[in-house]
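Report on the structure
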Protein chains: 2
Amino acid sequence: MDVVKIGLLGLGNVGSGVWKILNDNSDEIATKVGARLEIARVLVHNPDKQRRVSVPRGVLTTDAEGVVSDPDIPIIVEAIGCPGQDTTLARDYMLSALRAGKHVITANKEVLARHGRELRSAVTDGGGLYYEGAVAGGIPVVKVFKEALAGNRVLSIMGIINGTTNYILTRMSQEGSDFEEVLRMAQALGYAEQDPASDVDGHDAAYKLALLASIAFGHDIQVEDVFREGISRIKLEDLCYAAELGYAVKLLAIARRDGDSVELAVHPTMIPHGHPLASVGGAFNAVFIRGDAVGDLMLYGMGAGMMPTGSAVAADCIDAAHNLIRRVSPPREVRSNHVRVKPMDEMESRYYVRVLVVDRPGVMAAIASEFGRAQVSIESLIQKGRGQDPVSVVFVTHRACERHMQDALRGIRALDVVHSIASVIRVEAD
Amino acid sequence: MDVVKIGLLGLGNVGSGVWKILNDNSDEIATKVGARLEIARVLVHNPDKQRRVSVPRGVLTTDAEGVVSDPDIPIIVEAIGCPGQDTTLARDYMLSALRAGKHVITANKEVLARHGRELRSAVTDGGGLYYEGAVAGGIPVVKVFKEALAGNRVLSIMGIINGTTNYILTRMSQEGSDFEEVLRMAQALGYAEQDPASDVDGHDAAYKLALLASIAFGHDIQVEDVFREGISRIKLEDLCYAAELGYAVKLLAIARRDGDSVELAVHPTMIPHGHPLASVGGAFNAVFIRGDAVGDLMLYGMGAGMMPTGSAVAADCIDAAHNLIRRVSPPREVRSNHVRVKPMDEMESRYYVRVLVVDRPGVMAAIASEFGRAQVSIESLIQKGRGQDPVSVVFVTHRACERHMQDALRGIRALDVVHSIASVIRVEAD
C-alpha cells in the first residue's frame, strides 16, 4: 500500500490529538484512503520534553525548514499556534509549503484572519489549504458551509462558538453564581485563560465569525468588521430576569444577510428557551444556520480540545490525501470584496434594559417617555423589590434600531431619578 | 464560462426542489464551481401536467434513454422515486448512467437499500454515486460520516430520522391527544401517508439507519439486520408517565459498535429531558453521533421536503461538477462484509414497563418476584389511580438483557392478577 507522508509542525494540544488519531485509527483510515497516512516528521521546540503522546525520537525534529521543504512530504499540518500572539512563524511556514505545491492544514484562526488572503492566493495547482479545525473544533462547520450548503444562499448564522463564555454563562445560571466567581473557578480548572480577555470580551468568537461569514457569504470579511461586546458586564440578576421572561442568555456570534449588506456582531443575547441554541450548555458549541433551501440547520458538538480539534484536522488530512492521490486541488474559494457591512447603529433588535432607579412614583412614566421620544416602544416591564434603593426596573422593547436605542438610553441615563443603566442585552425572537 | 449539463429524471417533490435551487441560485453556484450548472433535460411522465416549478417545454422529455445516454449530459439526478414500490426503473436508469461513466445522484433510500452494492460496483473511473438526500433530507449526515468523521471510529448513532413519527409523538405529548387522533390529523394535513405503515412501523427509519450505519461502520448493513418496532402501541398515558419520570419518548434509530458486533435497532425510546435529542420537536430530524475523537456531535434540521432534500441533492450536483471538471471520482466507499449483527435478545437496555393489574395487596410483590427470577432488577416503580380496575403500574428497570426481559414479561403476563402488559419502552441513559 502506498504511503502518504505528513509533516506535523507542533506537538501541543492540537498536534498531539492529530498524532493520536492518525495512529490509533491508522488501519481504518488507510482502508478509506487507499494509502497509509504516516506522520513522518514532527517539529518541536524541545525534543526532550515530556509529551502526552509518545512519538519515536527519530520522528521529532527542531528543523522546520527540513520538514516544510522535504519533497517527500506533500502534506503539512501547521499546529504551532501563535507563540506570543505572533502569527509570523505559522504564516511563513504555511506560505513556503503552499508555494512548494503542498497541501497545508491549519486550525489556527488568527493566522487565517490576519493572512488568509495571502495564504489562499499562494495555493498552487495541485496543492490546497484546509482549516476545518479553526472554527468550532470538532464540528464540521467549514465543510458544511463550503460543500453541503453550496447550493444555498445562507441567510443567517447564529453561533455559540466560544466554549469558555458558554461554560461561564451556564454555570452562572445553573448555580446562581456571579460572573467573577465562576470565572475564577473556570481559571482554576483550566477552562479559562489567566488573561481571559480573548474569550470573555468576544475576540475569539469574532475571529471565528469572520471566518465563517467569509465562507458562508463569499465575501472577504475582516475581524474588524464584527461588532463586539463581551459577557463581563452580565450580572446574575440579569440571568434571573431572563429566565423569568422565558429566555437563556448566550454569547452569540451573529451574521445576517440583509439585501446587499451583512450584519456581523458578537454580543450577549437573550434567546427563547424553546430555541435549539438555548439548551446548548457547558463548553459545547453550536452553529444555527438558516439557508434559503435547507431552512434551519444546527450543528452541535465540542468546540475545542485535543481530540475534537484533532478530529477536524485528521479529516482535513484525509481530504488532502484523497486530493493528493488524485492530483487535484480542493475547490477554490471565491471571495468578492464587494460587501457592505451594516454599521451597528443601523442594526435592529429587541432589547432587554435593566435600569437602577430611585423607587418613587412617576419614575416609570419618565423612563417610558424617554423610550417614546426616541421611537422605541416597550413590550413588557417588570419591577420587583419595592422599597429598595436603588431598585431594578426591567424593560423589554419591541424591535428598534440601535441608533434610536442609544438615543433612548442617553435620555434615560440623564434622568434625575435614574441611578444607572445596569444592563442592555439584545433579544432574538426566533 | 463552461456549462455542465445535468439530466433530471423526475419532477416531483425532490426534482422540483433541485430545479428551483439550481435556477434561483445559479449565479452564486457558477461562481463557486467555475462553470454554469444547467439542467438540460427533465424526464417526466406527462409534459402537460401542471407543476410547482415552471420548466420550459423544450427541456421536458418523456424519453428516459435519451437523457441517460446523452453524451453531452455527464451528471444524472435520479428523482423518480419508487412508483408502485418498484425500484427497478430507478435502478436501471442509474446503472446505465453509471456504466456510461457518469456522475449519478439520488435521494432514493429504497433503491440504495436494495441495489446499493450493485450500483456502487457500477461506478467507473471518473464517475461517481452520490446520495446525500437519501437520509435526513437537508441534514448533511452522509458527508459528515464519509468525510468529516473519516478519522474517527464511530461508536454510536442515535437518530430521529423519521419526521412523521416525530411529528405525531410531539403533538401527542404537547396536546395530550391519542395516537389515532394525531395520526388522522397528520394524514389530513398531508404530514402522514394514507397508508402510514412505512413511517409508523419504523420501516422508513430502518432503511435510513442501514444506509447510515453502512457508511459509519464501513460494513454492508442490510435493512433486514435492523430490529424494528413502531410507535402505534404508544399510549398517551405512557408519554405522561415518561414526562413525570423526566423523559421524552422518541422513535430512535440506534446503531452501536460493541467490540466486533454492531447493534441496530429502531424503536420507541425514552431519553432524558436534558439530552439534545429530547427537544427535537415536530417534523425536525436530528442525528446524535459519538466518535472516539470528536466526542458527541449532533446535526439537526429538516429531514424531508422539496427544498431541504433539494438542498442536499444540489450540493451533490455541485460536488459532482467539481469532480467532473477535475476528471476525478469521489473517494470510493469501502465496505467489508465481516460484521456480526448482534441478535436482539443479546442487547441490553433499561426498560419502562407498564402493567395493567388488579388493584389488590400482593400484586407488586408477585410482579417484582418475576422480575427478580429473570435477573432483571427494578430501579423505580409508580402506582397511581388506586381503586381503578385494572390499574396501571409502571416499572423502570436497571440495565438488563433483552432475553431476561422477555423471560420476565412472560412470567408477569402469566400472573393471575395481571390483566395485560400495556407497554414496554426502552430507556436510554445518556
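Please read these numbers as outputs of a predicted model, since none were measured by experiment.

A short note on the overall build of chain A
Tallying secondary structure elements over chain A gives 14 helices and 18 strands in all. On C-alpha atoms alone, chain A measures out to a radius of gyration of 24 Å, which is about the 22 Å that the 2.2 N^0.38 rule sets for 430 residues. Counting only C-alpha atoms and orienting by the principal axes, one finds that chain A spans roughly 80 × 45 × 35 Å. Counting only residues that meet the buried cut, chain A has 52% of its 430 residues in that class. For chain A, the share of sequence-separated contacts (at least 6 apart) that also reach a separation of at least 24 residues comes to 75%.

What about the sheet that holds strand 5 (residues 103-106) of chain A?
Backbone hydrogen bonds hold the strands of a sheet together, and the pairing may be parallel or antiparallel. Residue and element names in this part refer to chain A. Strand order in the open sheet made by the 6 strands is 3-2-1-4-5-6, with parallel pairing throughout. The sheet is open, and its two edges are formed by strand 3 (60-61) and strand 6 (128-130), each paired on a single side. Judged from the 8 bridges that link them, strand 1 (residues 2-9) and strand 2 (residues 35-43) form a sheet pairing that is parallel. Pairing of Val3 across the sheet is with Arg36, part of strand 2.

Let's talk about the environment of B:Ile421
All names here are of chain B. Tracing the backbone through its elements, the reader meets Ile421 in strand 18 (residues 418-427). Distance in space between the C-alpha atoms of Ile421 and Val393 is 9.7 Å, their sequence separation being 28 residues. Apart from the residues lying within four places of it in its own chain, the contact partners of Ile421 are Val353, Val355, Leu409, Ile412 and Arg413.

Let's talk about the packing of helix 5 (residues 109-121) of chain B against helix 10 (residues 203-217) of chain B
All names here are of chain B. Where helix 5 contacts helix 10, the axes come no closer than 10 Å and their chain directions differ by 60 degrees. Between helix 5 and helix 10, the angle falls in the class oblique. The chirality of how helix 5 crosses helix 10 is left-handed. The segment helix 5 lies against helix 10, with Lys109, Glu110, Leu112 and Ala113 engaging Tyr207, Lys208, Ala210 and Leu211. In terms of residue class, the contact of helix 5 with helix 10 is made up of 5 nonpolar, no polar and 3 charged.

A word on the domain arrangement of chain A
Residues and elements named next belong to chain A. Per the domain assignment, the segments making up chain A are domain 1 (2-138 + 306-326), domain 2 (147-302) and domain 3 (344-427). Tallying the contact residues gives 15 residues for domain 2 and 13 residues for domain 3. The element that contributes the greatest number of residues to the side of domain 2 that touches domain 3 is strand 10 (residues 261-272), accounting for 6 residues. A per-class count over the side of domain 2 that touches domain 3 returns 8 nonpolar, 2 polar and 5 charged.

Brief notes about the relation of the copies chain B and chain A
Once chain B is rotated about the relating axis by 180 degrees and shifted along it by 0.0 Å, it coincides with chain A to within an RMSD of 0.0 Å. Such a combination of turn and shift is consistent with a two-fold rotation axis. When each C-alpha of chain B is compared by its distance to the rotation axis, B:Leu299 comes out closest, at 2.4 Å. In this assembly, 100% of the residues forming the interface of chain B have copies in chain A that are likewise at the interface, indicating an isologous arrangement.

Section: unusual backbone geometry
Keep in mind that most residues, glycine aside, have a negative phi and that most peptide bonds are trans. All names here are of chain B. At Ala136, a residue that is not glycine, the phi angle is positive and equals roughly 60 degrees. According to the C-beta neighbour criterion, Ala136 is buried, with 31 such atoms within 10 Å. Backbone geometry at Gln375 places phi at a positive 65 degrees, although glycine is not the residue there. By secondary structure assignment, the location of Gln375 is in the loop between helix 13 (363-373) and strand 15 (378-383).

Thoughts on the pairing of strand 14 (residues 348-357) of chain B
All names here are of chain B. For strand 14 and strand 17 (residues 400-401), the ladder comprises 2 bridges, and the chain directions are antiparallel. Bridged to Ser349 within strand 17 is Ala400. As judged from the 8 bridges shared by strand 14 and strand 18, these two strands associate in the antiparallel manner. In the sheet register, Tyr351 faces strand 18, and the bridge partner there is Arg426. With 6 bridges connecting them, strand 14 and strand 16 (residues 391-397) associate as antiparallel partners. Looking at the pairing, Arg354 lines up with Val394 of strand 16.

Remarks on the interface of chain B and chain A
With 44 residues of chain B at the interface, the matching set in chain A holds 45 residues. Counting residues per element, the ones that place at least two in the side of chain B that touches chain A are helix 2 (26-33), helix 6 (141-148), strand 12 (295-302) and helix 12 (306-326) of chain B. In terms of residue count, the dominant contributor to the side of chain B that touches chain A is helix 12 of chain B (10 residues). A per-class count over the side of chain B that touches chain A returns 24 nonpolar, 12 polar and 8 charged.

Digging into the nonpolar core
Counting 295 residues, the largest nonpolar core has A:Leu209, A:Cys317, B:Leu209 and B:Cys317 as its most contacted members. Non-local contacts of A:Leu209, meaning those with residues more than four positions away in its chain, are made with A:Gly159, A:Ile161, A:Val226, A:Ala253, A:Ala255, A:Leu264 and A:Val266.

Points about helix 1 (residues 13-24) of chain A
Residues and elements named next belong to chain A. For helix 1, built from 12 residues, the straight-helix expectation of 16 Å at 1.5 Å per residue is met to within 8% by its first-to-last C-alpha distance of 16 Å. What helix 1 keeps buried is the set Val14, Gly15, Ser16, Gly17, Val18, Trp19, Ile21 and Leu22. Buried residues belonging to helix 1 abut strand 1, helix 2 (26-33), strand 2, strand 4 (75-78) and helix 12 (306-326).

Quick word on the sheet that holds strand 6 (residues 128-130) of chain B
All names here are of chain B. Spatially, 3-2-1-4-5-6 is the arrangement adopted by the 6 strands of the open sheet, whose pairing is parallel. In this open sheet, the two strands that pair with only one neighbour each are strand 3 (60-61) and strand 6. For strand 1 (residues 3-9) and strand 2 (residues 36-43), the ladder comprises 7 bridges, and the chain directions are parallel. Residue pairing for strand 2: Ile6 is matched across the bridge by Ile39. Here helix 12 sits on the sheet in contact with strand 1, strand 2, strand 4 (75-78), strand 5 (103-106) and strand 6, set at roughly 170 degrees to strand 5.

Rules of the game
- Residues numbered from 1 in each chain as written.
- Chains lettered and ligands numbered in written order.
- Predicted model: local features only at pLDDT ≥ 70, side-chain atom pairs only at ≥ 80, totals over all residues.
- Helix = DSSP H or I, 4+ residues; strand = E, 2+ residues; numbered from the N terminus.
- Rg over C-alpha atoms; globule rule 2.2 N^0.38 Å.
- Buried ≥ 20, exposed ≤ 12 C-beta atoms within 10 Å, placed from the backbone.
- Contact = placed C-beta atoms within 7 Å.
- Pairing = 2+ DSSP bridges.
- Axes fitted to C-alpha atoms, helices over the stretch in contact; angles between N-to-C directions.
- Parallel < 35°, antiparallel > 145°, perpendicular 65-115°, else oblique.
- Left-handed = near helix turned anticlockwise from the far one by under 90°.
- Nonpolar A, V, L, I, M, F, W, Y, C, P; charged D, E, K, R; others polar.
- Domains from an automatic or database assignment.
- Least-squares fit on C-alpha atoms with pLDDT ≥ 70 in both.
- Core = buried A, V, L, I, M, F, W, Y, C linked by C-beta atoms within 7 Å.
- Expected span 1.5 Å × (residues − 1).

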